[in-house]
There are 4 protein chains.
Amino acid sequence: MRGYGMKAVNQPAWLEKEKPVAGPMDAIVRPIAIAPCSSDTHALHGGSGEKIDTILGHEAVGEIVEVGSLVTKFKPGDVVVVPCVTPDWEQLGVQNSRSNAHDSHLMGSFKFLSQKDGTMAEFFHVNNADANLVNLPDEIPVESALMTVDMMSTGFHGVELAEIGFGDTVVVIGIGPVGLMAVAGAKLRGAGRIIAVGTRPNCVKIAKEYGATDIVSYKDGDIVEQIVAMTGGGSDRTIIAGGNEKTFAQAVAMTRECGVIANVNFFDVSETLSMPAYLWGLGMSNKDIRGGFCPGGARRIKKMLEMIKNGRVDPSKLITHRFYGFDAMEDAFKLMDEKPADLIKPVVFIEWDK
Amino acid sequence: MRGYGMKAVNQPAWLEKEKPVAGPMDAIVRPIAIAPCSSDTHALHGGSGEKIDTILGHEAVGEIVEVGSLVTKFKPGDVVVVPCVTPDWEQLGVQNSRSNAHDSHLMGSFKFLSQKDGTMAEFFHVNNADANLVNLPDEIPVESALMTVDMMSTGFHGVELAEIGFGDTVVVIGIGPVGLMAVAGAKLRGAGRIIAVGTRPNCVKIAKEYGATDIVSYKDGDIVEQIVAMTGGGSDRTIIAGGNEKTFAQAVAMTRECGVIANVNFFDVSETLSMPAYLWGLGMSNKDIRGGFCPGGARRIKKMLEMIKNGRVDPSKLITHRFYGFDAMEDAFKLMDEKPADLIKPVVFIEWDK
Amino acid sequence: MRGYGMKAVNQPAWLEKEKPVAGPMDAIVRPIAIAPCSSDTHALHGGSGEKIDTILGHEAVGEIVEVGSLVTKFKPGDVVVVPCVTPDWEQLGVQNSRSNAHDSHLMGSFKFLSQKDGTMAEFFHVNNADANLVNLPDEIPVESALMTVDMMSTGFHGVELAEIGFGDTVVVIGIGPVGLMAVAGAKLRGAGRIIAVGTRPNCVKIAKEYGATDIVSYKDGDIVEQIVAMTGGGSDRTIIAGGNEKTFAQAVAMTRECGVIANVNFFDVSETLSMPAYLWGLGMSNKDIRGGFCPGGARRIKKMLEMIKNGRVDPSKLITHRFYGFDAMEDAFKLMDEKPADLIKPVVFIEWDK
Amino acid sequence: MRGYGMKAVNQPAWLEKEKPVAGPMDAIVRPIAIAPCSSDTHALHGGSGEKIDTILGHEAVGEIVEVGSLVTKFKPGDVVVVPCVTPDWEQLGVQNSRSNAHDSHLMGSFKFLSQKDGTMAEFFHVNNADANLVNLPDEIPVESALMTVDMMSTGFHGVELAEIGFGDTVVVIGIGPVGLMAVAGAKLRGAGRIIAVGTRPNCVKIAKEYGATDIVSYKDGDIVEQIVAMTGGGSDRTIIAGGNEKTFAQAVAMTRECGVIANVNFFDVSETLSMPAYLWGLGMSNKDIRGGFCPGGARRIKKMLEMIKNGRVDPSKLITHRFYGFDAMEDAFKLMDEKPADLIKPVVFIEWDK
């Protein structure tokens, strides 16, 4: 079968690989719609180390074409939403109630593109199908469902980590698709003022629609100074959803004592996170620094879909570019890699008459 | 000075009392707007036991007329929002991080009408002024601010106790003003489906505007059966914001295993709360039963005001009846006591040209 | 194969049944040691409703005799500790981070004696073996390990639910084996004063060894009055580990505002739990009422074993009666049913030269 | 009056200052016993910036000599335990339930030596006496009570921040007096294995008595490698109670995914805390990094005293050197500054016949 991915670092390519095989608890899925993500392009450029002959992609809605003998809830023909984090629920890591994203080791539940081929293929493999897949509800468009599997689940995880209280002032650094979902999630978690840090006009517009009350731009000066000034001392909660190693200390600096810094940004393996001790109150500030990967599995995605179904959020606003046809995955991926100014999130519909 | 209250149980009356005196940390406040509450009428009818010669009322926005010698943040002339819960911050009970509503004993932080005269008077007394009062922000109407001091803070406390997760199905039993605020708060805390239990057309309309997706009425049959059927097994979280002793078991019955029942309803001293053990999974269901009084103090109210300022919620929708003039307190109180079908919340403006 | 259990309610008997069959993820285990529990005798007497032809028992250490084709961590001959709660980790209920004890429905993870035959047999069946079984560590005696699977895990769950803070005053009502483990767990969670409610000399002695500082007996008067008096107003946390429907209101009554009542007692299906509303502060006391079933799976038991291995607790103190040989299960079970004054916990060693 | 402190950075001296004056809510206290702390010597050497003419010391048990007009619970002659953190409870910072250590700004509740003269004087000043002071219980020795006000409260705060679960493997880096208290606290919070990092024989001995199961020394090689190897992948929880800027990354490195790093070490204003991003799972590891100052006020100290009273911990084991007489403060302070190998904690008894 064909799939789009990488021959090696910085060598994107169409690959010809064997169709995946379903073990007893697994499903084989044919994608109906996929979305490239900056984690895919990050991998292409070596951000997660060496990698060869790997199909990329970890966001998909698809149709089941085969299930293993122990799968009881799904059958071929079912249209399913596929979480980007699919724990192996027999691993003890899922029994740690702090997160199931690390089923057997760090990020062990992140299988696509990391431990096996991804979703940008004619077919892809899903482990523990009963526990990980969700039937697409009739009332939810494919593209909205597709936004839950990583963008919304990850952005909302940032919000969960931030532990927002009613009326808190929240900063979201970075308003790419994950940051925008963090803005929407912060509003839906009771934030008062939401300060979004970013510059792209497209993103600024959506940030406001999702609930941002203030926009801060790097172009207007130091973002820490701006935020400390406008909040009279700092934010209650700061979510990092973009940036680079410098963002770490900035986030700590702009957050008040007893605040929380919550990271959902994927730092690069080459980066070092550092902060002068005084920004952290010499260790005495009771500012928590958290960072994590979104929970996996079917229950999580069902909750995200419930929010869409009940009109709480419309994640399809993220989608700025729509592509049609299997072969368009290449164009969509290249667009993601180039990140033109008007891009937020591209989607490829392999099948679009559903 | 004059104040409206009770001579004894079931004897409402205008009372003539001494003007309160400010201790070193206190303030004396002249009400600009007050709102009667069902806790006031409840007290009148003996719901909290014997009580004589007491001015009622515990919701107010007012103007400071006098401050004690140790008060540093406020001065006569300041217009302030007055929390209904005003802890004595020198008591050790406030150092229990689970709630400061019980500063020295059960509900010790609830002073108005309970431990001293209330707010329906020419003047009223506020303890620990620096820690309890909040300046009315320019951009917030008096009536909106007035809704924060009990209705919003209490309804939102129900939501906090319920510990809602993104996408959870939440039931709110009772859609008087506190229940309506719980509906609004549940939406602002990430609920998916919100099922409001109530019948009054006025309230049903506002419940929907605040985020209720479903309305369940006692008139259509047993509410437990209806809710279990429509949710396929029960709610994730249930907030009790009205009802009587029977509501307790109903709430437990309609909530799934691992759910939370959160009470902010004032039960009557004559009532007994009971449930067949099997509804609670014979004690094994991991359904938490919580109930509490809203946190007090200035920080809480500031957070509530932040939410209004940033457009997250408009609690003034609760106000169905507006009265003008000091003497109108009597009419407003009687209306509260009669609870006609179109009443949600009455407000009395003692001064209305601000 | 033979097993001891019940033909019907109140009809204990040896049963002849087919040897269980291992599905692909399962194991078949031969018990080395088992312990009868009051939940078994409770079932015999109809406490959990009708039940016929069922082998009882849910506490065991055993030797694996067979594993399914997908089991990777265990093989025949392995000596394993078997949790009494064995979730089916492919069910979505385990993805609710509040508890995995309810994998598909209320107490769905409690399989033995409830949904299939129990452990008092020549062989018993364990679902999801990789995720539920734990190798017996060399340094831990069989009988100590056996005490972790229910007594220690359940008693410690009571402590977890109680959310004890450093120095808190904790009451444990009932000092049978679960209550004694709750006493030990409360000490290991930072309690200051621990007041144990019970009378049996054997149990009182062990309670003191485990950390109880005070013993309160029903024989000396009303336990609520005694505890309120000796604590100057009530406990911070109260754990119910025994008693009957009346215990519920007593526990609420003896707990201070902002306290927690944590239940791990199995109430009878015929009981009704009730409390006068004023004991619960008319719903305003911020006293949480919690009750639940211990978490299941291998990780939980590994943590319990870690505590034994590091000398934090010795649960073998619970064992007052030791029986030897497969057939002795009947005598041990009858002793459990009779509950003589000197009994805390009986154990049956089917094999005892290990 | 006389007091021992600093004329300027690196200029220790006896100072002659005015006797402090009690405001209406304050008390003036004469020390009975004090203990110098490394935070005092740290201040002397400029670790917290410029400082002149300041009496040092923040740990004391003393006798009240004067109270303000609003103080109701204490009177001259009372012997009291004085928390090192004494919030001004009228400040809004205490209403943030995450910590009251920052009442008006970062560490605003830390008054002694930081915002006013410390406890190493003939008399010292305590704000908000009713809310901050605790009567010394008859059954607790002065020196044990003295260990609660900072050493035990701070060490135990590290344990609270670490959020230890039953059976968790906990590392404590640094076994000076605070680290030793963290070891004792970790045991009292349910830890399984406790690995203490340190080398001084005196401290190692006490660490084992307090519950450490393993000792790791810098002298035997890289501590991260040692701990990762002996735990098979890292600790569940790591408490930093000593070290320097390099300790930060080490702590992150030796902690597993979903773990917690909890800091109670006072870093120097000149230090920068940094970690390669990969040690933090590129931001995706769900390892929380926390650090804070112990809660203040009377309730906290009462809880600590409860633990001593009930035999849960004996903090007087920390005391290696006892001095007698007011003038001995100088010698004790100099000893603290020199930190000879056999020193853990010195105490000065100004009065010792109580």
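Residues numbered from 1 in each chain as written. Chains lettered and ligands numbered in written order. Predicted model: local features only at pLDDT ≥ 70, side-chain atom pairs only at ≥ 80, totals over all residues. Heavy atoms only, no water.

A. Highlighting the UniProt feature "domain: Alcohol dehydrogenase-like C-terminal" (unreviewed entry) in chain A. When the UniProt feature table is mapped to this numbering, "domain: Alcohol dehydrogenase-like C-terminal" (unreviewed entry) covers residues 177-309 of chain A. Along residues 177-309 of chain A, the helical share is 38% and the strand share 23%, with 20 Å between the first and last C-alpha atoms. (UniProt positions renumbered as here; feature names shortened; annotations may be inferred. Helix = DSSP H or I, 4+ residues; strand = E, 2+ residues; numbered from the N terminus.)

B. Spatial organisation of the interface of chain B and chain A. Taken residue by residue, the interface counts 27 residues in chain B and 27 residues in chain A. Between chain B and chain A, roughly 2100 Å² of surface is buried when both sides are summed, and carbon and sulfur atoms account for 49% of that area. Three residues stand out in chain B for area buried against chain A, namely Phe166, Arg189 and Arg312 of chain B, and they jointly supply 38% of the buried area on that side. Counting every contact that joins chain B to chain A gives four salt bridges. In this structure, the salt-bridge partner of aspartate 236 of chain A is lysine 303 of chain B, at a minimum N-O distance of 3.1 Å. Summed over the shared surface of chain B and chain A, the result is 17 residue pairs in polar contact (both at pLDDT 80 or more). Only helix H3 (142-162), helix H4 (177-187) and helix H8 (298-309) of chain B provide two or more residues apiece to the side of chain B that touches chain A. At four residues, the largest contribution of residues to the side of chain B that touches chain A is made by H8 of chain B. Looking at the side of chain B that touches chain A, its residues break down into nine nonpolar, nine polar and nine charged. (Contact = heavy atoms within 4.5 Å. Buried area = accessible area lost by both parts, 1.4 Å probe. Salt bridge = Lys/Arg side-chain N within 4 Å of Asp/Glu carboxyl O. Polar contact = N/O pair within 3.5 Å; in protein donor to acceptor, adjacent residues only side chain to side chain. Nonpolar A, V, L, I, M, F, W, Y, C, P; charged D, E, K, R; others polar.)

C. Layout of the sheet that holds strand E2 (residues 11-16) of chain B. All names here are of chain B. Here three strands make up an open sheet; going across it, the order is E2-E1-E4 and the pairing antiparallel. The open sheet has two edge strands with one neighbour each: E2 and strand E4 (54-55). Pairing of strand E1 (residues 2-8) with E2 involves six bridges; the strand directions are antiparallel. By the bridge assignment, arginine 2 is partnered in E2 with glutamate 16. (Pairing = 2+ DSSP bridges.)

D. Here's a closer look at the relation of the copies chain B and chain A. Aligned on chain A, chain B shows an RMSD of 0.0 Å; the corresponding rotation is 180° and the shift along the axis is 0.0 Å. As the rotation angle and translation indicate, the two copies are arranged about a two-fold axis. (Least-squares fit on C-alpha atoms with pLDDT ≥ 70 in both.)

E. Structural detail: the pairing of strand E16 (residues 319-324) of chain D. All names here are of chain D. Where E16 meets strand E17 (residues 345-349), five bridges bridge the pair, whose relative direction is parallel. Of the residues in E17, the one forming a bridge with histidine 321 is proline 346. On the question of chirality, the crossover connecting E16 to the parallel E17 by way of helix H9 (residues 328-338) is right-handed. (Right-handed = clockwise from strand over helix to strand, strands pointing away.)

F. The arrangement of unusual backbone geometry in detail. One non-glycine residue, leucine 113 of chain A, adopts positive backbone phi at about 65°. Tracing the sequence through the fold places leucine 113 of chain A in the loop between strand E6 (79-82) and strand E7 (124-126). A positive phi angle, close to 55°, is found at leucine 282 of chain B, a residue other than glycine. Relative to the helices and strands, leucine 282 of chain B resides in the loop between strand E14 (272-276) and strand E15 (288-291).

G. Molecular detail of the domain arrangement of chain A. All names here are of chain A. The assigned domain composition of chain A is domain 1 (2-151 + 294-349) and domain 2 (155-291). Inter-centroid distance (C-alpha atoms) of domain 1 to domain 2 is 27 Å. On the domain 2 side, the residues contacting the 25 residues of domain 1 number 20 residues. When the two sides are added together, the surface that domain 1 and domain 2 hide from each other amounts to roughly 1900 Å², 64% of it contributed by carbon and sulfur. (Domains from an automatic or database assignment.)

H. Fine view of the interface of chain B and chain C. Residue-level contacts link 44 residues of chain B with 45 residues of chain C. When chain B packs against chain C, the two sides together hide about 3800 Å² of surface, and 59% of this comes from carbon and sulfur. Among the residues of chain B in contact with chain C, Arg98, Leu282 and Met284 of chain B are the three that bury the most area, contributing 21% of the side total. Counting across the interface, chain B meets chain C through four salt bridges. Across the chain B-chain C interface, the total number found is 27 residue pairs in polar contact (both at pLDDT 80 or more). Contributions of two or more residues to the side of chain B that touches chain C are made by H3, strand E13 (255-263), E14 and E15 of chain B. Tallied by class, residues from the side of chain B that touches chain C come to 20 nonpolar, 16 polar and eight charged.

I. Up close: the packing of H3 of chain B against H8 of chain B. Residue and element names in this part refer to chain B. The interhelical angle for the contact between H3 and H8, taken along N-to-C directions, is 100°, at an axis separation of 9 Å. The pairing of H3 with H8 is recorded here as roughly perpendicular in orientation. Mapping the contact onto sequence places Ser144, Ala145, Thr148, Val149, Met152, Ser153, Phe156, His157 and Glu160 in H3 and Arg300, Ile301, Met304, Leu305, Met307 and Ile308 in H8. Of the residues assigned to the contact of H3 with H8, the class counts are nine nonpolar, four polar and two charged. (Axes fitted to C-alpha atoms, helices over the stretch in contact; angles between N-to-C directions. Parallel < 35°, antiparallel > 145°, perpendicular 65-115°, else oblique.)

J. Representation of the side chain of asparagine 128 of chain A in the model. Tracing the backbone shows asparagine 128 of chain A in the loop between E7 and helix H2 (129-132). Polar side-chain contacts of asparagine 128 of chain A include one of 3.2 Å to the side chain of asparagine 127 of chain A. Setting aside chain neighbours within four positions, we find asparagine 128 of chain A in contact with Met25, Asp26, Pro87, Asp88, Trp89 and Glu90 of chain A together with Glu90 of chain C.

K. Just the UniProt feature "domain: Alcohol dehydrogenase-like N-terminal" (unreviewed entry) in chain A, in detail. As recorded in UniProt, the sites labelled "domain: Alcohol dehydrogenase-like N-terminal" (unreviewed entry) are residues 24-138 of chain A. Along residues 24-138 of chain A, the helical share is 10% and the strand share 23%, with 28 Å between the first and last C-alpha atoms.

L. How the structure looks around the packing of aromatic side chains. For the structure on display, the rule yields 32 aromatic pairs over all chains. Ring centres 5.2 Å apart and planes at 80° place the aromatic pair phenylalanine 110 of chain A and phenylalanine 293 of chain A in the edge-to-face group. Of this pair, phenylalanine 110 of chain A sits in the loop between E6 and E7 while phenylalanine 293 of chain A sits in the loop between strand E15 (288-291) and helix H8 (298-309), placing them 183 residues apart in sequence. Each of the two residues, phenylalanine 110 of chain A as well as phenylalanine 293 of chain A, counts as buried. Their ring planes at 70° and their centres at 5.1 Å tell us that tyrosine 4 of chain C and tryptophan 14 of chain C sit as a pair that is edge-to-face. In this pair, tyrosine 4 of chain C sits in strand E1 (residues 2-8) while tryptophan 14 of chain C sits in strand E2 (residues 11-16), placing the two residues ten residues apart along the sequence. Counting every residue linked through ring pairs, the aromatic cluster contains Tyr4, Trp14, Phe326 and Phe333 of chain A. The ring of tryptophan 14 of chain A carries arginine 2 of chain A above its face, with NZ or CZ at 4.2 Å from the centroid. Geometry around phenylalanine 123 of chain C places lysine 19 of chain C over its ring, the cationic atom sitting 4.6 Å from the centre. (Phe/Tyr/Trp six-rings, centres within 6.5 Å; stacked < 30°, edge-to-face > 60°. Buried < 20%, exposed > 50% of the residue type's maximum accessible area, 1.4 Å probe, protein only. Lys NZ or Arg CZ within 6 Å of the ring centre and 35° of its normal.)

M. Main features of the sheet that holds strand E2 (residues 11-16) of chain D. Judged by pairing direction, the sheet is antiparallel, and its three strands sit side by side in the order E2-E1-E4 (chain D) without closing on themselves. Two strands in the sheet have a free side with no partner beyond their single neighbour: E2 and strand E4 (54-55) of chain D.

N. Main features of the pattern of salt bridges. All told, the structure shown has 84 salt bridges over all chains when counted by the stated rule. The closest approach of N and O atoms between aspartate 327 of chain C and arginine 2 of chain C, which form a salt bridge, is 2.9 Å. With aspartate 327 of chain C in the loop between strand E16 (319-324) and helix H9 (328-338) and arginine 2 of chain C in strand E1, this residue pair connects regions lying 325 residues apart in the sequence. Using a relative accessible area of 47% as the deciding quantity, one classes aspartate 327 of chain C as partly exposed. We note a salt bridge from glutamate 330 of chain C to lysine 334 of chain C, for which the minimum N-O separation is 2.9 Å. Residue glutamate 330 of chain C and its partner lysine 334 of chain C are located together in helix H9, separated by four residues, close to a single helical turn. Residue classification places lysine 334 of chain C among the partly exposed residues on the basis of a relative accessible area of 38%. Look at the salt bridges and you will find they share partners, linking Arg98, Glu163, Asp288 and Arg290 of chain A together with Arg98, Glu163, Asp288 and Arg290 of chain D into a network.

O. Looking closely at the packing of helix H3 (residues 142-162) of chain A against helix H4 (residues 177-187) of chain A. Residues and elements named next belong to chain A. Direction vectors running N to C along H3 and H4 enclose 55°, while the axes themselves pass 7 Å from each other. As judged from the angle between their axes, H3 and H4 are oblique. Considering only the axes of H3 and H4, their crossing is right-handed. Each of Met151, Met152, Thr154, Gly155, Phe156 and Val159 in H3 lies in contact with H4, whose residues at this interface are Pro177, Val178, Met181, Ala182, Ala184, Gly185 and Ala186. Of the residues assigned to the contact of H3 with H4, the class counts are ten nonpolar, three polar and no charged. (Left-handed = near helix turned anticlockwise from the far one by under 90°.)

P. Highlighting the side chain of aspartate 288 of chain A. Relative to the helices and strands, aspartate 288 of chain A is located in strand E15. Only 2.7 Å separates the side chain of aspartate 288 of chain A from the side chain of arginine 290 of chain A, close enough to count as a polar contact. With sequence-adjacent residues up to four places away left out, aspartate 288 of chain A is seen in contact with Gly259, Val260 and Ile261 of chain A together with Arg98, Ile289 and Arg290 of chain D.

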